[in-house]
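Each chain, letter by letter, is given below.
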Amino acid sequence: MTQEEVFKNVVSHCKEYGFIFPSSEIYDGLAAVYDYGQLGAELKNNLRQFWWKGMTQLHENIVGIDSAIFMHPTVWKASGHVDAFNDPLIDNKDSKKRYRADVLIEEHAEKLRQKIEKEVEKAAKRFGDAFDQAQFVSTNPRVVGYQTEIDTMMQRFVAAMEAGNLEDVRQVILDAEIVCPVSGTRNWTEVRQFNLMFSTEMGSVSADASKIYLRPETAQGIFVNFLNVQKSGRMKIPFGIAQIGKAFRNEIIARQFIFRMREFEQMEMQFFCAPGTEMEWYQYWKAWRLRWHQALGLPAENYRYHDHEKLAHYANAACDIEFKFPFGFKELEGIHSRTDFDLKAHETYAKKKLQYFDTEKNLSYVPYVVETSIGLDRLFLAVLSHAYQEEKLEDGSERVVLRIPAMLAPVKAAILPLVKKDGLPELARSIMNDLKFDFACQYDEKDSIGKRYRRQDALGTPFCITIDHESLNDHCVTVRHRDSMTQERVAIAALSGMLKEKTDMAVALRALGTKVD
Ligand code: GAP
């Protein structure tokens, strides 16, 4: 099965089992907007909690806020979003499809990188132990050719974007002979800039109404509250402010399910530090955030860094943590050293001082900021698409299983009486009533036990607790483990302890800590 087919199955699985539905589906949906169903909301909550605890509880100098979606319109002028939050768009005249010019170029570079990887793999096989990869990459004419093509293309693209020269951006696409993936032609229109912010009006009388924006990032709610939090919380630099909330972008190319949405949720943290220390903190957060991802329990090889060549208008260093989605490595989280750009801009536009007074040095200054920013929906997709597996079992049957890390699973335990009689439902209910205060549990007595196991596998429930006739006498139940499908007998009195040990977020958080080697 191709990765594309697997991804299609993930999308339909999400709908069938209540993880994600298209928004307003009875009206045929709304492009790039999705609703989370009963299990999706639970998984999302668990991911949210793991981020919130990791950032605010583990770091004594980080606090969380919840600012409004609507903000004064001048915020977006100061932040640069009114003038510069644009995507360069290009259309293919034959397919009538619209693309982001930067994405076309990035994807072309990625194809060339894959060609280099293939050459290296072939050579490694040919030369065996004697293979010297560094020498091969720097001398093999084909590899050197590909690398030069990537470097030249990216340098020209960055220069064209920095100069705001859209004709040159188009020329880069033409010179690289990039074709439309749909029509296969190079019949491109000119490149145009398109602002991504949604706007609406505030005020009931049109003459008094003012144009306001739906926030395109949560970060600005943190910047404008910097002094409020610093003063009311008596925070000392360095310190961070974290926030989770909705953001809105009028994405032109809304594809790949919840990867790129028009309404999505961000989890952002601005870390305020003294000027000159920002690179040290940038390195800290770059390393710590990757460790946080790995603490979720997905394999390390699914993550990689991508350092930015073209920096945003506010950054002096930036990188992405990319994840291996079914459609390739793509950005999951951004880490940016945003300098003092935002606070200084707000000082200018609001005509208010946004400075920190360092009592030890007897000095006031505008802090520098390192930002970590991750899309909750993208994180959801990373976890779910990695968890989804179609398996052929030894007896020839098949199952779909979501191997979601136990601490994140929407349902931690299913309580299953073997039959609907003989006092088994009553005992099962009493176990449920005991466990439900600490764990998300699901009670199910419908269908055969085999069918119920399959259903819980498909929901990602790590433990099935089966109550049988023996349970009435020995006060034990059968616990079936989702991943290995092995079963063990556990005393009813020991269930709560077992579930706590296996599903507690604190275990992963404790292992994570705050130090970076
Ligand atoms: N405050 C910085 C900022 O917003 P960004 O790289 O534009 O930076 C940060 O966005 C993260 O938000 C991305 O890494 C991604 O995970 C998520 N994100 C951005 N646009 C998104 C969209 N249209 N749909 C879903 N997630 C998105």
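Before going into details, it helps to say that this report is about the structure given with it. (Residues numbered from 1 in each chain as written. Predicted model: local features only at pLDDT ≥ 70, side-chain atom pairs only at ≥ 80, totals over all residues. Heavy atoms only, no water.)

Turning our eyes to something else, we now look at unusual backbone geometry. The amide bond that connects Ile237 to the next residue, Pro238, takes the cis arrangement and shows omega of 5°. One non-glycine residue, Ala32, lies in positive phi territory at about 65°. Mapped onto the elements of the fold, Ala32 is located in the loop between β1 (20-22) and β2 (34-36). The backbone of Phe257 sits at a positive phi, close to 60°, despite the residue not being glycine. (Helix = DSSP H or I, 4+ residues; strand = E, 2+ residues; numbered from the N terminus.)

Moving on, we get to the pairing of strand β4 (residues 86-91). Among the six residues of β4, five are classified as buried, and the element is accordingly described as predominantly covered. With four bridges connecting them, β4 and strand β6 (residues 192-195) associate as antiparallel partners. Paired with Asn86 across the bridge in β6 is Asn195. In the sheet, β4 pairs with strand β5 (residues 98-100) via three bridges, with the strands oriented antiparallel. From the neighbouring strand, Asp91 faces β5, where its bridge partner is Arg98. If you look at the hairpin formed by β4 and β5, you'll find six residues sitting between the two strands, and Lys96 has a positive phi there, around 65°. (Buried < 20%, exposed > 50% of the residue type's maximum accessible area, 1.4 Å probe, protein only. Pairing = 2+ DSSP bridges.)

To continue, consider the sheet that holds strand β22 (residues 476-481). Taking strand neighbours across the sheet as the criterion, the five strands line up as β20-β19-β21-β22-β23 in an open arrangement whose pairing is mixed. Where the open sheet ends on each side, the last strands, each with one partner, are β20 (441-443) and β23 (487-491). Across the sheet, the mean angle from the axis of one strand to that of its neighbour is 25°, orientation sign disregarded. Both strand β21 (residues 463-467) and β22 contribute to a ladder of four bridges, which runs antiparallel. Counterpart to Phe463 in the pairing with β22 is His481. Across the sheet, helix α15 (residues 449-459) is in contact with β19 (413-417), β20, β21, β22 and β23; its angle to β19 comes to roughly 170°. (Axes fitted to C-alpha atoms, helices over the stretch in contact; angles between N-to-C directions. Contact = heavy atoms within 4.5 Å.)

This next bit is on the packing of aromatic side chains. In total, this model carries 24 aromatic pairs according to the counting rule given. Ring centres of Tyr34 and Phe257 lie 5.1 Å apart, and the angle between their planes is 80°; on these two criteria the pair is classed as edge-to-face. Taken together, the positions of Tyr34 in strand β2 and Phe257 in the loop between β9 (239-248) and β10 (263-273) put the pair 223 residues apart, joining distant regions of the chain. Their ring planes at 80° and their centres at 5.3 Å tell us that Phe259 and Phe325 sit as a pair that is edge-to-face. Of this pair, Phe259 sits in the loop between β9 and β10 while Phe325 is found in strand β12 (residues 317-325), placing the two residues 66 residues apart along the sequence. Phe259 sits in the buried class, given a relative accessible area of 4%. An aromatic cluster is defined as three or more aromatic residues linked by ring pairs; in this entry it consists of Phe7, Tyr34, Phe257, Phe259, Tyr303, Phe323, Phe325 and Phe327. (Phe/Tyr/Trp six-rings, centres within 6.5 Å; stacked < 30°, edge-to-face > 60°.)

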